Each structure stands twice: as structure tokens, then as C-alpha cells.
Amino acid sequence: MPREPRQGSRWEVTTDTIGPYVRQLTEWQGLRARDEPRQVCDYFGSSTKGGTLFTFDVCPPVPFHFDTNPRDALPSATWTLSERVGGHPIQQRDPGPDPWQGEGPSGPARVDADFVNGRFTATGTDVWLSPPSHESTLTLGKL
């Protein structure tokens with residue numbers, strides 16, 4: 001994960017901060033097919049100390065993975081990712097058979113799912129997109 005910048009500084013990915021987040025990424029559903037096993041990253045060791053790997057002027061986009069429970073709601077879900085303050089849409093996705101995977105800006109946001117067939121109630125939740133990735137599952141009620 002990029003280290004939170006101090007006023008006027010840039011985002012840094014260092015050997016001290018990357019290990020736990022590589023582990024989180026390898027376990028993330030968005031990087032594997034449903035039938036593949038989870039991956040493991042062993043990041044403990046004496047050779048992972050002290051260096052800067054990447055530096056960013058701004059926080060990089062955050063990969064996200066949004067799903068529904070029950071899964072049979074996905075084909076009728078219209079998704080919207082919005083700014084949490086102000087509600088302006090950041091991006092949208094039309095109904096499709098798979099969870100929504102994409103990238104959004106780091107920080108507070110809101111994800112909403114509306115349903116065209118009327119079988120499920122529209123729902124949403126506040127999220128905090130932070131590197132290296134974010135995943136959420138919206139639990140739905142049936143009408």
C-alpha cells in the first residue's frame with residue numbers, strides 16, 4: 001500500500017509496507033477465477049527492509065470487486081459508484097452476469113445496485129476505496 005503522504009509529499013511504496021498488501025492482493029477474489037484456490041504470499045524475512053520501490057505524485061486508482069448475495073441478482077444489477085459527498089457518479093455498469101470489477105479513486109465513495117426486473121430491492125453501501133484493493137458484497141432483499 002502506498003504510505004499516506006505528509007503535506008506536500010508523494011505516495012511511496014516501500015519494502016516495509018508492500019509485504020502485507022501483496023498478501024492481501026494474492027487473496028483477493030478479483031485476481032482469480034472462482035474455481036481457483038487462494039494464493040499465499042509469505043512476506044516475512046530479513047531481506048525486505050528499507051527501500052522505496054515506487055513513488056506516486058497522487059494515490060493510484062484502487063481496483064475493486066463488487067458482488068451480490070444472492071448471486072442470481074447479478075444479471076439484473078445496474079451498478080453506480082458515486083462520490084460519498086455530493087453523490088456525483090464516478091462510474092456506472094450495466095447489468096451483466098459477473099461481479100463488477102474496475103478501478104476507482106482512493107477515498108470515500110458509495111456503491112449502489114438497482115435492479116431492472118423488480119425481484120430484488122435496490123441497495124447500497126458506503127465504502128472506502130484504499131490501495132491495494134477493495135471488495136464488497138451487497139446482501140439483497142427479495143421483493
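The structure under discussion appears in the preceding block.
What counts, and where the lines are drawn
Residues numbered from 1 in each chain as written. Predicted model: local features only at pLDDT ≥ 70, side-chain atom pairs only at ≥ 80, totals over all residues. Heavy atoms only, no water. Phe/Tyr/Trp six-rings, centres within 6.5 Å; stacked < 30°, edge-to-face > 60°. Helix = DSSP H or I, 4+ residues; strand = E, 2+ residues; numbered from the N terminus. Buried < 20%, exposed > 50% of the residue type's maximum accessible area, 1.4 Å probe, protein only. Polar contact = N/O pair within 3.5 Å; in protein donor to acceptor, adjacent residues only side chain to side chain.

Draft legend 1. The arrangement of the packing of aromatic side chains in detail. All chains considered together, the criterion is met by six aromatic pairs. Judged by centre distance (4.9 Å) and plane angle (80°), the rings of Phe64 and Trp100 are edge-to-face. On the criterion of sequence distance, the pair formed by Phe64 in strand β3 (residues 62-69) and Trp100 in strand β6 (residues 100-104) is long-range, its members being 36 residues apart. On the basis of relative accessibility, which here comes to 0%, the residue Phe64 falls in the buried class. Accessibility expressed as a relative area gives 4% for Trp100, which makes it buried.

Draft legend 2. Quick look at the side chain of Thr80. Position of Thr80 among the secondary structure elements: in strand β4 (residues 77-83). Within the local environment of Thr80, its side chain forms a polar contact with the side chain of Gln92, the two groups lying 3.3 Å apart.

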